[in-house]
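Topology and contacts: notes
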Amino acid sequence: MSIRLPATILGVGLGGFVDGIALHQVLQWHHMLSSTATDRVGIRDYPVDTVPGLQMNTLWDGLFHVVTWVAVLTGLALLYARVTRSRGRLWRSGMLWGWVLVGWGLFNLVEGVVDHHLLGIHHVRSGPYQTWWDLGFLALGVLLVAVGWAIQRRADAIDLCAPRTR
């Protein structure tokens, strides 16, 4: 068994939380449906400067957070099931954190391509430079995948059933 899948799922969830908390809530650059006036799939417009529009965007942001929360719980549960005795070593392992970064980068790439480019339902930051913000988000995803891949490749393998040492 490997920690590749659980750590990647954990990274997807954590990447979604960073996106949702930082970009949706703290910076308020976008919400899940904040660009539906110009989307590519015909979703009704939900402008964030109206109460009904903000309510719908907040609902969809909440559903997005539920999905990212489930990904984090799933990743943690799978890690817990696979690592029987060396849990302390796991949390200090480059193998784990490399795959978490890969998952975070994959989140950025999939979410960026689907929501920003294909569907157009929101952008990282709307305005005259929104394409550059969206491309920067994708570039960050590629960077996270590359750095995570390099970290996990250099990391020592984890014996998932190794006895504890004192």
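Structure's up top.
As the structure is a computational prediction, the values presented were derived from the model and not from experiment.

Let us look at a nonpolar patch on the surface. On the surface, Leu14, Leu76, Trp91 and Trp97 cluster together into a nonpolar patch covering about 340 Å² of accessible area. Take leucine 76: it is sitting in helix α2 (residues 51-82). On the basis of relative accessibility, which here comes to 33%, the residue leucine 76 falls in the partly exposed class.

Let us look at the side chain of asparagine 57. Within the secondary structure, asparagine 57 is located in helix α2. Of the residues examined, asparagine 57 reaches a relative accessible area of 0% and is grouped as buried. Here tyrosine 46 takes part through its backbone oxygen, which lies 2.8 Å from a polar atom of the side chain of asparagine 57. In this structure, asparagine 57 is in contact with His31, Met32, Leu33, Ser34, Tyr46 and Val48, ignoring residues within four places of it in sequence.

Criteria and cut-off values
- Counting from 1, residues in each chain are numbered in the order their sequence is written.
- Only residues with pLDDT of at least 70 get local features here, since the model is predicted, and only at 80 or more are side-chain atom pairs given and counted; chain-wide, interface and lining totals rely on the full set of residues.
- Processing note: side-chain calculations cover all non-hydrogen atoms of the structure and skip hydrogens and water entirely.
- Note that patches include only residues with greater than 30% relative accessible area and no salt bridge, and the join distances are 9 Å for like charges and 5 Å for nonpolar side chains (Val, Leu, Ile, Met, Phe, Trp, Tyr).
- Areas reported here follow the Shrake-Rupley algorithm with a probe of radius 1.4 Å; residue values treat only the protein chains shown as occluding.
- Criterion for a salt bridge: a side-chain nitrogen of Lys or Arg within 4 Å of a carboxyl oxygen of Asp or Glu.
- Here a helix means four or more residues in a row that DSSP labels H or I, a strand means two or more in a row labelled E, and each is numbered from the N terminus.
- Accessible area is worked out with a 1.4 Å probe on protein chains only. A residue is then buried under 20% of its type maximum, exposed over 50%, and partly exposed in between.
- Polar contact is the term for a pair of N or O atoms within 3.5 Å; when the atoms are in protein, one must be able to donate a hydrogen and the other to accept it, and sequence-neighboring residues count only if both atoms are side-chain atoms.
- Throughout, a residue-residue contact means that at least one pair of heavy atoms, one from each residue, lies within 4.5 Å.

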